[in-house]
Every structure is written in structure tokens, then in C-alpha cells.
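# Residue-level structural notes
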Amino acid sequence: MAIGPVQLLVLGFKHPDFQGEIREELDRLRDNDLVRVIDALAVSKDADGNVRQLHESQLSDEEQAGFGALVGALVGLGAAGEEGAQAGAEWGAEVVEERGGVFDEDAWDVLAEIPEDTAAALILLEHRWAIPLRDGIARAGGFRLASEFISPLDLVALGLVTAEEAEALESSDRGAV
């Protein structure tokens, strides 16, 4: 099972007005095999304090179990070698199956403590587009030294864009990522 680089997004929303645009974009990215949502947990609290929660994944149950087994095997390998990898794989698959995903809803109940009229989301994304690039780098003997996202304001500091261009970039993505 080839897994691309995984990123955790932690997002906040003031006065959320969800119209399906986030789900539509995530579906488009999945349909084009660019990004997959491994797990997502979102919580919103309306102005009256009523809390709603959404827990979803774009992986099938079998893919979720495979992901859990892979992560568990890696943890087990690091802790106890090959024997630990086998035990970790079994444990990881079981945990993901029990939880219905990677995120444990009980462990993330802190999200329910968000202020009224806001929302928060945890999204675990797999970057499928990066698998061939990562594999090509590995075949060439390369390895990652660092990896960071650069904000538009960082580009201004480097002199690569003007403040006006950065402002346009920032407002176009609303600073969400």
C-alpha cells in the first residue's frame, strides 16, 4: 500500500457559513487522485451553544484498516524491530477499526470547547500527487532535509512578491492553509 506524505490541518472558522465548498473541493482533489482525506473531525458550535460534530474519511473500511496497520507497523518496528512491527500492524488495524478512523472522537472533545458561533476541524490529508516525486527522489538517492509551507507574507519578506500581491494571495485563500 503506497501512502503519500501525510499532513495534519488544524482549521478554525469564525461565524461559519458552510455551503459545501470545502467538501466539494476535497472530493475534486480525491477524484483527480491528488489528495485523500484519511480522517476528518469537525465541530461547530452555533450562537446558542449547540454543538454538532462530523467525522468522515475518504478511505474505505479496508483502506482505513490498511493505513492503521501500516502506521502501527512503523511504530512497532521502531520500538521492537520486526517482531514489534507485526504486533504494531495488528494493533493499528484494530484501533482504526474500533474508532472508525484515525481520530478518536473522545480524545478530541476539546474541540467542543470552542467559542460560540465558531467551528474547528482536524483534517488528515494524504498527498497522493507526491508519491511519484518522493519515489523519484528516493531512486536518485535523495532524502528530505526539511519541508514547510510558505505563506504569502514570507514571500514578501524574501522580496519575491509585493505586499499587494501577498495581500491578494492571502485574501484569495483567506489564510486557511
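In this report, the structure presented in the accompanying data block is examined. Owing to the predicted nature of the structure, the values given are computational and were not obtained by experimental measurement. (Residues numbered from 1 in each chain as written. Predicted model: local features only at pLDDT ≥ 70, side-chain atom pairs only at ≥ 80, totals over all residues. Heavy atoms only, no water.)

### Some remarks on the side chain of Gln58
Of note, Gln58 is situated in the loop between β3 (51–56) and α2 (61–99). There is a polar contact of 3.3 Å between the side chain of Gln58 and the backbone oxygen of Leu26. Discounting residues that sit within four places of it in the chain, Gln58 has contacts with Leu26, Asp27, Arg30, Val35, Arg36, Val37 and Glu63. (Helix = DSSP H or I, 4+ residues; strand = E, 2+ residues; numbered from the N terminus. Polar contact = N/O pair within 3.5 Å; in protein donor to acceptor, adjacent residues only side chain to side chain. Contact = heavy atoms within 4.5 Å.)

### Examining the environment of Glu116
Within the secondary structure, Glu116 is located in the loop between α2 and β4 (118–127). Classification of Glu116 as partly exposed rests on a relative accessible area of 47%. For the pair Glu116 and Lys14, spaced 102 residues apart in sequence, the C-alpha separation works out to 9.2 Å. (Buried < 20%, exposed > 50% of the residue type's maximum accessible area, 1.4 Å probe, protein only.)

### Concerning the pattern of salt bridges
When their charged atoms lie close together, side chains carrying opposite charge are able to pair. According to the stated counting rule, one finds nine salt bridges in the structure shown. Of the charged contacts, one joins Asp33 and Arg128 as a salt bridge, the two residues approaching to 3.2 Å between their closest N and O atoms. Note that Asp33 is positioned in the loop between α1 (21–31) and β2 (35–45) and Arg128 in the loop between β4 and α3 (130–139), a separation of 95 residues in sequence. Residue Asp33 is classed as partly exposed on the basis of its relative accessible area, which comes to 43%. For Asp135, the salt bridge goes to Arg134, with nearest N and O atoms at 3.2 Å. Look at Asp135 and you get partly exposed, because its relative accessible area is 29%. On the basis of relative accessible area, Arg134 is assigned to the partly exposed category, the value being 32%. Sharing partners across several salt bridges, the network here consists of Asp33, Arg36, Glu63, Glu126 and Arg128. (Salt bridge = Lys/Arg side-chain N within 4 Å of Asp/Glu carboxyl O.)

### Some words on the sheet that holds β3
Strands sit in the order β1-β4-β2-β3 across an open sheet of four strands; the sheet is antiparallel. Each having just a single partner strand, β1 (6–14) and β3 make up the two edges of the open sheet. The mean inter-strand angle of the sheet, taken between neighbouring strand axes irrespective of direction, is 10 degrees. Set on the sheet, α1 makes contact with β1, β2, β3 and β4; between it and β2 the angle comes to about 170 degrees. (Pairing = 2+ DSSP bridges. Axes fitted to C-alpha atoms, helices over the stretch in contact; angles between N-to-C directions.)

### Considerations on the pairing of β4
Regular strands have side chains that alternate between both faces of the sheet. Counting buried residues in β4 gives ten out of ten residues, a clear majority hidden from the surface. The side-chain alternation of β4 yields two buried faces, one formed by Thr118, Ala120, Leu122, Leu124 and Glu126 and the other by Ala119, Ala121, Ile123, Leu125 and His127. Looking at chain direction, β1 and β4 are connected through nine bridges and run antiparallel. Bridge pairing links Leu9 to Ile123 in β4. Here ten bridges tie β2 to β4, and the two strands are oriented antiparallel to one another. If you follow Val37 over to β4, its bridge partner there is Leu125.

### Observations regarding the nonpolar core
Counting residues in hydrophobic clusters, the biggest one holds ten residues: Leu9, Leu11, Leu26, Leu29, Val35, Val37, Ala40, Ala121, Ile123 and Leu125. If you list the elements that add at least two residues to this core, you get β1, α1, β2 and β4. Once residues within four sequence positions are removed from consideration, Leu29 is found in contact with Leu34 and Val35. Listed in part, the eight residues of the second largest apolar core include Ile3, Leu41, Leu59 and Leu124. (Core = buried A, V, L, I, M, F, W, Y, C linked by side-chain atoms within 4.5 Å.)

### A look at a nonpolar patch on the surface
On the surface, Trp129, Leu133 and Ile137 cluster together to form a nonpolar patch covering roughly 310 Å² of accessible area. Here Ile137 lies in helix α3. Ile137 sits in the partly exposed class, given a relative accessible area of 39%. (Patch = residues over 30% accessible without salt bridge, like charges linked within 9 Å, V, L, I, M, F, W, Y side chains within 5 Å. Areas by Shrake-Rupley, 256 points an atom, 1.4 Å probe, with all protein chains shown as cover.)

Purely spatial values, then, with no claim about function.
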